[in-house]
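Letter by letter, the chains look like this.
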Amino acid sequence: MTREYPATVAGPYEPPPRTFLDREERPIAIRRYAEGVDTLAGMYTAFDPEDRAQGIPPAREDQIRTWLEGLFEDDCVNVVAWHDEDPIGHATLVPDGKGACELAIFVLGPYQGAGIGTELIEALLGAGREDGIERVWLTVERWNGAATALYRNVGFESTDTGNFELEMAARLREDAAE
Amino acid sequence: MKTLLGIGGSDDSLYALEKAIERAKEADDDLTIAIVENSDSDMTEADLRDRIAAALGEAGFDADIESLSGHPGSQLLELAERGSFDRIVLGGGETSPLGKVQLGSISEFVLLNAQTTVTLIR
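Just so we're clear, the structure is a prediction, and the values are computed from it rather than from any experiment.

## Some thoughts on the nonpolar core
If you look at the biggest cluster of nonpolar residues, it comprises 57 residues, and the most contacted ones within it are A:L68, A:L103, A:Y151 and A:F156. For this core, the leading source of residues is helix α3 (residues 116-130) of chain A, giving seven residues. Core analysis: the second largest hydrophobic core is formed by 19 residues, B:I35, B:L48, B:F61 and B:A63 among them.

Spelled out as structure tokens, the structure:
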């Protein structure tokens, strides 16, 4: 099936790093991630099972590690939000083998609703654009209004497939000249 | 038990084919395999018949095979009612590049509309 992408370019957003105070006055830093599986595996082990979406993050630590290894392969883009020394949010772009990337974002429960998701996803899209990625898509559960609103705010549009999950897409660059 | 397996050629449906045959053999269930139209799959009905024959041959098990034309979900449900099946079995969904589970459109339709118990194979 062919996915329709918006005609207009989202953002464009600045790539990381970025630092800011969240709505609870916590200093948050967002950087590209290159620290390996261990650090983020720790964050995902602490993840509230009710915040899982469509089977990710996986439940067991060995599954989390295998899943993360896949996200850290070449051509993937990873940015992480830090509160002091602790990773508290992660956003990732994974090539789909068809010229676009799938996006996912996770923020630890105590840090949700504080504006971190928006900063994190903007930084991710900025990083992806910097890396030459043109098109991004995601799926989200239809009942997840907070996530859907976040995606809309940063430039994603519904590419409605009529499935359980809502599919959305954004354009990061104009198509390369033919 | 009378089990109806629906497959359209997606990877998860082919996995379900093997698992369902295994399970039906163990439980000595009466298995019917329905081939449905899946526009997202490149496999033809003939491909699927070959695949089914090979899987049954390997398991040393026998099943009825039916081809359903038209809307796959509703045709499966219709057959399930008509044939008084106890259970419908389907593939458990594909995995996105990021690892998200995504149910196929046939599974979605069947889950929402079936009067029969539905099993998704993972």
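## A look at the pattern of salt bridges
In total, this model carries 13 salt bridges over all chains according to the counting rule given. A:R65 is the salt-bridge partner of A:D38, the closest N and O atoms lying 2.9 Å from each other. Of the two residues, A:D38 is situated in helix α1 (residues 37-45) and A:R65 in helix α2 (residues 61-71); the sequence distance between them amounts to 27 residues. With a relative accessible area of 55%, A:D38 lands in the exposed category. With a closest N to O distance of 3.8 Å, B:K19 and B:E22 form a salt bridge. In this pair, B:K19 and B:E22 both sit in helix α1 (residues 11-27), three residues apart, roughly one turn of the helix. Here the residues in one salt-bridge network are A:R18, A:E119 and A:E122, joined through shared partners.

## Considering the sheet that holds strand β7 (residues 117-121) of chain B
Residues and elements named next belong to chain B. Pairing is parallel across the open sheet formed by five strands, whose spatial order is β3-β2-β1-β4-β7. Either end of the sheet is taken by a strand with one partner, and the two such strands are β3 (64-67) and β7. The mean inter-strand angle of the sheet, taken between neighbouring strand axes irrespective of direction, is 25 degrees. Along the sheet, helix α3 (residues 72-82) makes contact with β1 (2-7), β2 (30-35), β3 and β4 (87-91), crossing β1 at roughly 165 degrees.

## Brief notes about the packing of aromatic side chains
All names here are of chain A. All chains considered together, the criterion is met by eight aromatic pairs over all chains. For the ring pair Y44 and W67, a centre distance of 5.2 Å and an interplane angle of 80 degrees mean the geometry is edge-to-face. Residue Y44 is found in helix α1, and its partner W67 is found in helix α2; the two are separated by 23 residues along the sequence. In this pair, the class of Y44 matches that of W67, namely buried. Each member of the aromatic cluster is reached from another via a ring pair, and the members are Y44, F47, W67 and F106. Over the aromatic face of Y5 sits the side chain of R135, whose NZ or CZ is 5.3 Å from the ring centroid.

## Some words on unusual backbone geometry
Put simply, A:P16 and A:P17 share a cis peptide bond, and its omega is 5 degrees. Relative to the helices and strands, A:P17 resides in the segment before β1 (18-21). Even without glycine at this site, A:D75 takes up a positive phi of about 75 degrees. For A:D75, a relative accessible area of 61% puts it in the exposed group. Even without being glycine, B:D28 reaches a positive phi, approximately 55 degrees. Looking at the element boundaries, B:D28 is found in the loop between α1 and β2. Look at B:D28 and you get exposed, because its relative accessible area is 64%.

## Side note on the interface of chain B and chain A
Taken together, the twelve residues of chain B in the interface contact 19 residues of chain A. Summed over both sides, the interface of chain B with chain A buries roughly 1300 Å², with 58% coming from carbon and sulfur. Among the residues chain B hides against chain A, the three largest losses belong to B:P97, B:L98 and B:K100. Together they make up 51% of the total. The tally of links from chain B across to chain A stands at zero salt bridges. Where chain B packs against chain A, one counts six residue pairs in polar contact (both at pLDDT 80 or more). Listed by contribution, the elements that provide at least two residues to the side of chain B that touches chain A are β6 (101-102) and α4 (105-113) of chain B. Per-element tally for the side of chain B that touches chain A: the top contributor is α4(B), with three residues. For the side of chain B that touches chain A, the class distribution of residues is five nonpolar, four polar and three charged.

## A closer look at the packing of α3(B) against α4(B)
If you want to describe how two helices pack, look at the angle between their axes and the distance between the axes. Residue and element names in this part refer to chain B. The geometry of α3 relative to α4 is characterised by a closest axis approach of 8 Å and an angle of 45 degrees between their N-to-C directions. In terms of their interaxial angle, α3 and α4 are classed as oblique. Along this stretch, α3 crosses α4, giving a crossing that reads as right-handed. The segment α3 lies against α4, with P72, G73, S74, L76 and L77 engaging I106, F109, V110 and N113. For the contact of α3 with α4, the class distribution of residues is six nonpolar, three polar and no charged.

Each value, and the rule that gives it
Residues numbered from 1 in each chain as written. Chains lettered and ligands numbered in written order. Predicted model: local features only at pLDDT ≥ 70, side-chain atom pairs only at ≥ 80, totals over all residues. Heavy atoms only, no water. Core = buried A, V, L, I, M, F, W, Y, C linked by side-chain atoms within 4.5 Å. Buried < 20%, exposed > 50% of the residue type's maximum accessible area, 1.4 Å probe, protein only. Helix = DSSP H or I, 4+ residues; strand = E, 2+ residues; numbered from the N terminus. Salt bridge = Lys/Arg side-chain N within 4 Å of Asp/Glu carboxyl O. Pairing = 2+ DSSP bridges. Axes fitted to C-alpha atoms, helices over the stretch in contact; angles between N-to-C directions. Contact = heavy atoms within 4.5 Å. Phe/Tyr/Trp six-rings, centres within 6.5 Å; stacked < 30°, edge-to-face > 60°. Lys NZ or Arg CZ within 6 Å of the ring centre and 35° of its normal. Buried area = accessible area lost by both parts, 1.4 Å probe. Polar contact = N/O pair within 3.5 Å; in protein donor to acceptor, adjacent residues only side chain to side chain. Nonpolar A, V, L, I, M, F, W, Y, C, P; charged D, E, K, R; others polar. Parallel < 35°, antiparallel > 145°, perpendicular 65-115°, else oblique. Left-handed = near helix turned anticlockwise from the far one by under 90°.

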